[in-house]
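So the chains spell out like this:
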Amino acid sequence: MASRPEELIQEAEKLGAPRSKLMSFFSGGYGDRFDEAAEKCIQAANLYKVGKDYTAAGRAFEKAAAYREQSDMSDLAGPVYFDAYKAYKQTDIQDAARCLEKAISLETLRGWFSKAADYKMKLGELYEELDDLNRAIESYETAAEWYMQDPQRPSPFNSSKALVQVAKMAVANKDYRKAAENFDRVIQLSLEEEYRRRWTLHDNFLNSGLCRIAEQDLVSAERAVDGFIEMDSDFATTEECRLLQDVISCVKEGDTDQMSQKLFEYDRMKKLDKLKTSILLQIKDNIQNVDDDLL
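Owing to the predicted nature of the structure, the values given are computational and were not obtained by experimental measurement.

Another aspect to go through is the overall build of the protein. Looking only at helices and strands, one finds 15 helices and zero strands in the protein. Dimensions of the protein along its principal axes, counting C-alpha atoms only, are 85 × 40 × 30 Å. Expressed as a percentage of its 295 residues, the buried residues of the protein come to 45%. Sequence separation of 24 or more characterises 58% of the internal contacts of the protein that already satisfy a separation of 6 or more. In the form shown here, the protein has an accessible surface area of approximately 15,700 Å², with 48% of it arising from carbon and sulfur atoms. Across the protein, the mean location of the 41 positive side-chain charges is 6 Å away from that of the 55 negative side-chain charges.

Set out below in structure tokens:
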């Protein structure tokens, strides 16, 4: 029995080598030997992982997945490509993304949209690491759609998580209109749920409103605040609503000092997260740019 991963790979390649129809008749069906070849490659991959040779592990998992596609257990090829992604992720993000794309393709062909959406979320994270924000946005947008398309278990909660990632990427791209639109979609999904976390709803009201202000559309921001109060009357008494109204007022007056004071007061009660801080810095820059233009 082979004990070294290289020997296991060699055995797998012998099993997976092309054979004549006559040879296949006497030695069993194609599916069985491809399945056995896949198992040997998986064993080799796991041995490579033990030795922390993640590139070799990725190659072995990828070879196993290719054999699995030709076997009687082709439905299991997607998860093996996912194993290849996890191994490659340690050493080469491009290879990791390539294998994840293969896993996604196979899961969608099977109609497993929730699983494909999970993989799309991982792909979005990879593109973030590669600083490819447009492809990250595309991955998260697709994941959001697929979570709702799964006929067996549509998931508004997971779809919302994906849409929040789209909004965050849009903020990073300074596309505040797109960010606001996606926060609005998250809000709508929250309102449609029988049970919703009110604090999350209010937080996304704030995110959406701030994006409109950063886009320098105060009319839209004021209308949005009124709309949020119509959706949830309790919002009118919250710190989030008060902050939105204060920021709108400060922008109208061109008063960055007053805005800084209002943010300080809010931050003492509810910590401003990185996303809101980024949007608020843009709003401050917009005020200062207006002041510079007037000089």
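Anyway, onward from the coordinates.
Two elements in contact, helix H12 (residues 218–231) and helix H13 (residues 239–253), have axes whose closest approach is 11 Å; the angle formed by their N-to-C orientations is 160°. Judged on the interaxial angle alone, H13 and H12 are roughly antiparallel. Our pair here, H12 against H13, has a crossing hand that is left-handed. Residues Leu218, Ala221, Glu222, Val225 and Ile229 of H12 pack against Cys241, Leu244, Gln245, Ile248, Val251 and Lys252 of H13. Looking at side-chain class alone, the contact of H12 with H13 contains eight nonpolar, one polar and two charged residues.

This next bit is on the nonpolar core. Formed by 56 residues in total, the largest nonpolar core has its most connected members in Phe61, Tyr67, Tyr85, Leu100, Leu123 and Leu126. Excluding its chain neighbours within four sequence positions, the residues that come into contact with Leu123 are Ala97, Leu100, Glu101, Ile104 and Ser139. The next biggest cluster of nonpolar side chains, apart from the first, holds 36 residues, and it includes Ala167, Ala180, Ala214 and Ile283.

This model, assessed by the stated rule, comprises seven aromatic pairs. Here the aromatic rings of Phe205 and Phe228 are separated by 4.4 Å at their centres, their planes lie at 15°, and the arrangement is stacked. Within this pair, whereas Phe205 is found in helix H11 (residues 198–214), its partner Phe228 is found in helix H12, the two being separated by 23 residues in sequence. Comparing Phe205 with Phe228, the two get one shared label, buried. Ring geometry for Phe205 versus Phe235: centroids 4.9 Å apart, planes at 70°, classification edge-to-face. Of the two residues, Phe205 sits in helix H11 while Phe235 sits in the loop between H12 and H13, which places them 30 residues apart along the sequence. Exposure remark for Phe205: the relative accessible area of 0% places this residue in the buried category.

Within this structure, the stated rule accounts for 22 salt bridges. Here Asp203 makes a salt bridge to Lys276, at a shortest N to O gap of 2.7 Å. Of the two residues, Asp203 is situated in helix H11 and Lys276 in helix H15 (residues 274–294); the sequence distance between them amounts to 73 residues. Residue Glu240 is joined to Lys270 by a salt bridge in which the shortest nitrogen-to-oxygen separation is 2.7 Å. Separated by 30 residues along the polypeptide, Glu240 in helix H13 and Lys270 in the loop between helix H14 (256–269) and H15 bring together distant segments of the chain. Given the relative accessible area of 5%, Glu240 is considered buried. The network of salt bridges with common partners includes Glu62, Asp95, Arg98 and Lys102.

Turning next to unusual backbone geometry. Peptide bonds are mostly trans, and most non-glycine residues show a negative phi. Within the chain, Lys52 stands out as a residue other than glycine whose phi angle is a positive 60°. Residue placement: Lys52 occurs in the loop between helix H3 (30–50) and helix H4 (54–70). Of note in the backbone geometry, Lys174 takes a positive phi value of approximately 60° without being a glycine. Here Lys174 shows up in the loop between helix H9 (156–172) and helix H10 (176–192).

Rules and cut-offs
- Residues numbered from 1 in each chain as written.
- Predicted model: local features only at pLDDT ≥ 70, side-chain atom pairs only at ≥ 80, totals over all residues.
- Heavy atoms only, no water.
- Helix = DSSP H or I, 4+ residues; strand = E, 2+ residues; numbered from the N terminus.
- Buried < 20%, exposed > 50% of the residue type's maximum accessible area, 1.4 Å probe, protein only.
- Contact = heavy atoms within 4.5 Å.
- Areas by Shrake-Rupley, 256 points an atom, 1.4 Å probe, with all protein chains shown as cover.
- Lys, Arg positive; Asp, Glu negative; His and termini not counted.
- Charge placed at Lys NZ, Arg CZ, Asp CG, Glu CD.
- Axes fitted to C-alpha atoms, helices over the stretch in contact; angles between N-to-C directions.
- Parallel < 35°, antiparallel > 145°, perpendicular 65-115°, else oblique.
- Left-handed = near helix turned anticlockwise from the far one by under 90°.
- Nonpolar A, V, L, I, M, F, W, Y, C, P; charged D, E, K, R; others polar.
- Core = buried A, V, L, I, M, F, W, Y, C linked by side-chain atoms within 4.5 Å.
- Phe/Tyr/Trp six-rings, centres within 6.5 Å; stacked < 30°, edge-to-face > 60°.
- Salt bridge = Lys/Arg side-chain N within 4 Å of Asp/Glu carboxyl O.

All we've got here are geometric facts, nothing functional implied.
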